[in-house]
Amino acid sequence: MAEAAQQFLKDKLLPDLASARQYRDELATSLKELDELTQTLAILKDRHDSGEKYKQLVDLGQEHFVKAEADSTEFIFLKVGLGFFLQVTPEEARPIMTRQREALEKSIEVAASKVA
């Protein structure tokens, strides 16, 4: 009987726990990226107000970066999910990002409760 319990633990519970931890970590990464975007929007606003061009290294994926320069920061493209993006002003993006943050925090709480 103890062997069956150990097998169930090994085959079912531990993989489920690892999967739940990975999902929680992915959500935490998304929350961190959203925080970084919030900081970037503040920088964009400062640059837009001063008339400066915005320059940044952009990650194309797999640690490949390119230099990017934006003449206008009037509009940004904000990922809203399912592969869809909205073209919005930084001011319009803030309430959307607030709702995204709240949803991510709730999802993290649920994922953390499954891990605990």
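Please refer to the structure placed before this passage.
Everything numeric in this text was worked out from a predicted model, so none of it was measured.

A short note on the pairing of strand β4 (residues 84–88)
Examined bridge by bridge, strand β3 (residues 76–81) and β4 share 5 bridges and lie antiparallel to one another. Pairing of K79 across the sheet is with F85, part of β4. Adjacent in sequence and paired antiparallel, β3 and β4 are bridged by 2 residues, among which L82 carries a positive phi angle near 55°.

Considering the environment of L44
Secondary-structure assignment places L44 in helix α1 (residues 2–50). When the C-alpha atoms of L44 and T73 are compared, they prove to be 6.4 Å apart, with 29 residues separating the residues in sequence. Ignoring sequence-local partners within four residues, the contact set of L44 consists of Y54, T73 and I76.

Details of the nonpolar core
If you look at the biggest cluster of nonpolar residues, it comprises 15 residues, and the most contacted ones within it are L41, I76, L78, V88, A93 and M97. Counting residues per element, the ones that place at least two in this core are α1, β3 and α2 (90–115). Per element, the largest residue contribution to this core is 6 residues, and it comes from α2. Excluding its chain neighbours within four sequence positions, the residues that come into contact with L41 are I76, P90, A93, R94 and M97.

A look at the packing of α1 against α2
Between α1 and α2, the least distance of the axes is 9 Å, while the angle of their chain directions is 160°. By the angle class used here, α1 and α2 are roughly antiparallel. Pair α1 / α2 crosses with left-handed handedness. A breakdown of the residues in the contact of α1 with α2 according to their chemical character gives 18 nonpolar, 4 polar and 7 charged.

Cut-offs used in this document
- Residues numbered from 1 in each chain as written.
- Predicted model: local features only at pLDDT ≥ 70, side-chain atom pairs only at ≥ 80, totals over all residues.
- Heavy atoms only, no water.
- Pairing = 2+ DSSP bridges.
- Helix = DSSP H or I, 4+ residues; strand = E, 2+ residues; numbered from the N terminus.
- Contact = heavy atoms within 4.5 Å.
- Core = buried A, V, L, I, M, F, W, Y, C linked by side-chain atoms within 4.5 Å.
- Buried < 20%, exposed > 50% of the residue type's maximum accessible area, 1.4 Å probe, protein only.
- Axes fitted to C-alpha atoms, helices over the stretch in contact; angles between N-to-C directions.
- Parallel < 35°, antiparallel > 145°, perpendicular 65-115°, else oblique.
- Left-handed = near helix turned anticlockwise from the far one by under 90°.
- Nonpolar A, V, L, I, M, F, W, Y, C, P; charged D, E, K, R; others polar.

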